[in-house]
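An overview of the molecular structure
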Amino acid sequence: MFDPLGETWRFGPGGGPSVSIRLTDRALPARLLANPSLALGEAYMDGTLRIEAGTLRDLLSICMTEIDAVDALPGRRLTRWLDGFRTRSLHHNPIRRSHANVAHHYDISTDLYDLFLDADRQYSCAYFPTGDETLEEAQTLKKRHIAAKLLLRPGLEVLDIGSGWGGLGMELARQHGARVTGLSLSAEQIAAARDRAAQSGLSDQVAFEQRDYREERGQYDRVVSVGMFEHVGRSGFDAFFAALQRVLRPDGVALVHAIGTKAPRGGSDPWIRKYIFPGGYLPSLSETIAAAERSGMWVTDVEVLRLHYAETLRHWSERFAQERETARKLYDERFCRMWEFYLAACEMAFRNGRLMVFQIQLAKRRDSVPLTRDYIAETEAGQIADNMSSDTDTRRAS
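One structure accompanies this document, and this report is about it. Everything numeric in this text was worked out from a predicted model, so none of it was measured.

So, the environment of Ile289
Position of Ile289 among the secondary structure elements: in helix 14 (residues 285-294). Residue class for Ile289 comes out buried when judged on its relative accessible area of 19%. Excluding residues that lie within four positions of it along the chain, Ile289 makes contacts with Val299, Val302 and Ile360.

A look at the pairing of strand 3 (residues 157-161)
Of all five residues in strand 3, four are buried, a share of seventy percent or more. Here strand 3 runs beside strand 4 (residues 179-184); their pairing, made up of five bridges, is parallel. In the strand pairing of strand 4, Val158 is matched with Val180. Chirality of the crossover, the property in question, places the unit of strand 3, helix 10 (residues 167-176) and strand 4 among those that are right-handed. In terms of strand pairing, strand 3 meets strand 6 (residues 220-226) through four bridges, oriented parallel. Bridge pairing links Val158 to Arg222 in strand 6.

Overview of the side chain of His145
Position of His145 relative to the elements: it lies in helix 9 (residues 135-150). Here the side chain of His145 touches Glu303 through a polar contact of 2.8 Å, side chain to side chain. If we skip the residues at most four places from it in the chain, His145 touches Tyr127, Glu303, Gln359, Ile376 and Glu380.

Concerning the pattern of salt bridges
One pass over the full model with this rule turns up 29 salt bridges. For Glu216, the salt bridge identified is with Arg211, shortest N-O distance 2.7 Å. In this structure, a network of salt bridges that share partners links the residues Arg57, Glu311, Arg314, Glu318, Glu347 and Arg351.

How each quantity is defined
- Throughout, a residue's number is its position along its own chain's written sequence, starting from 1.
- Only residues with pLDDT of 70 or above have their local features reported here, since the model is predicted, and side-chain atom pairs are shown and tallied only from 80 upward, although totals for entire chains, interfaces and linings are computed over all residues.
- Just so you know, side-chain values use all the structure's heavy atoms and leave hydrogens and water out.
- Per the convention used, a helix needs a DSSP run of H or I reaching at least four residues, while a strand needs a run of E reaching at least two, with both numbered from the N terminus.
- Accessible area is worked out with a 1.4 Å probe on protein chains only. A residue is then buried under 20% of its type maximum, exposed over 50%, and partly exposed in between.
- By definition, residues are in contact when any of their heavy atoms lie within 4.5 Å.
- Pairing between two strands is assigned when DSSP locates at least 2 bridges connecting them.
- Orient the strands so they point away from the viewer, and a crossover whose first-strand-to-second-strand path over the helix runs clockwise is right-handed.
- In protein, a polar contact requires one atom able to donate a hydrogen and another able to accept it; more generally it is a pair of N or O atoms within 3.5 Å, and residues adjacent in sequence count only if both atoms are side-chain atoms.
- Throughout this description, the term salt bridge denotes a Lys or Arg side-chain nitrogen within 4 Å of a carboxyl oxygen of Asp or Glu.

In structure tokens, the structure reads:
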């Protein structure tokens, strides 16, 4: 590292990725010590931290691998203490604040997301059984994996909390005959999802509503929530699971898919909180299950996906890099550097840090799902066979 005074500093034992960086702001070293994550991200965005050898991903890989050392810095310890002291205000998300938080991230140009997401606009962890799948294949397999855990059959009514651009809901309707209601607080997502449903001829099976889950009063056979629980906030855990318990029919099944941390207690990163997901809180599995148990529901299955999101983010980063000039024309250079940092930092947090994804299956009755989890793989295998047969029939007909 070259500091603003021209001094050279070397860190680390060597043997891993090597990165050379230059700091051009004299105040930056002190800011890095006081609040490493926030200062590092802002310096990269502003160009006061320049990478002269290696890549941003290499730099963040080193940082995440040495996360315990970073957390031991006095400034970082103070920041974490203050975050813990302010956790209710930082992560408390009543309905009005939730609308504002969602608009910050999702009500921006859909053209941006189309630069790096798959064609179905799945903006959550994909599923890589072998690791060799393409992004499109892995996102299709993610939807298939979730559908298998929901034990779907034609005619069931499904509530999709945090339905995004509608891809999962339309998949459940098209492939499984479900009747789906999707909820999102993003006006952009709801408009796009409704348009997609109309174009696909599914408007009679799927409905997308701009409504908070706490306002939902319907009754459903299945409830699914993918990538939304991270926006609830720790103070909202009990309200979230109480809502699931309230809208789920007596023999119903629910599935919650969320980012979590292996730390004993969740939290949020200062830079991510400021620039990407205001109000976000990444929970630990233990505090999430404790909240689910307080709702009175059964926890019927838990699966932890460790490196799947790292691979998803790698694909997103590579796609964004290929379309970077288009993104710069949509926004500006500083935005592009922010988005690069966001994708790379998140990838390395899953690859070398403490983050993972968990899927928690819930039910009101202990006998709502089979006695063993063999049905998940069997259902997925049946879906693959059905799709292959359908593809063969289509080719023969043509």
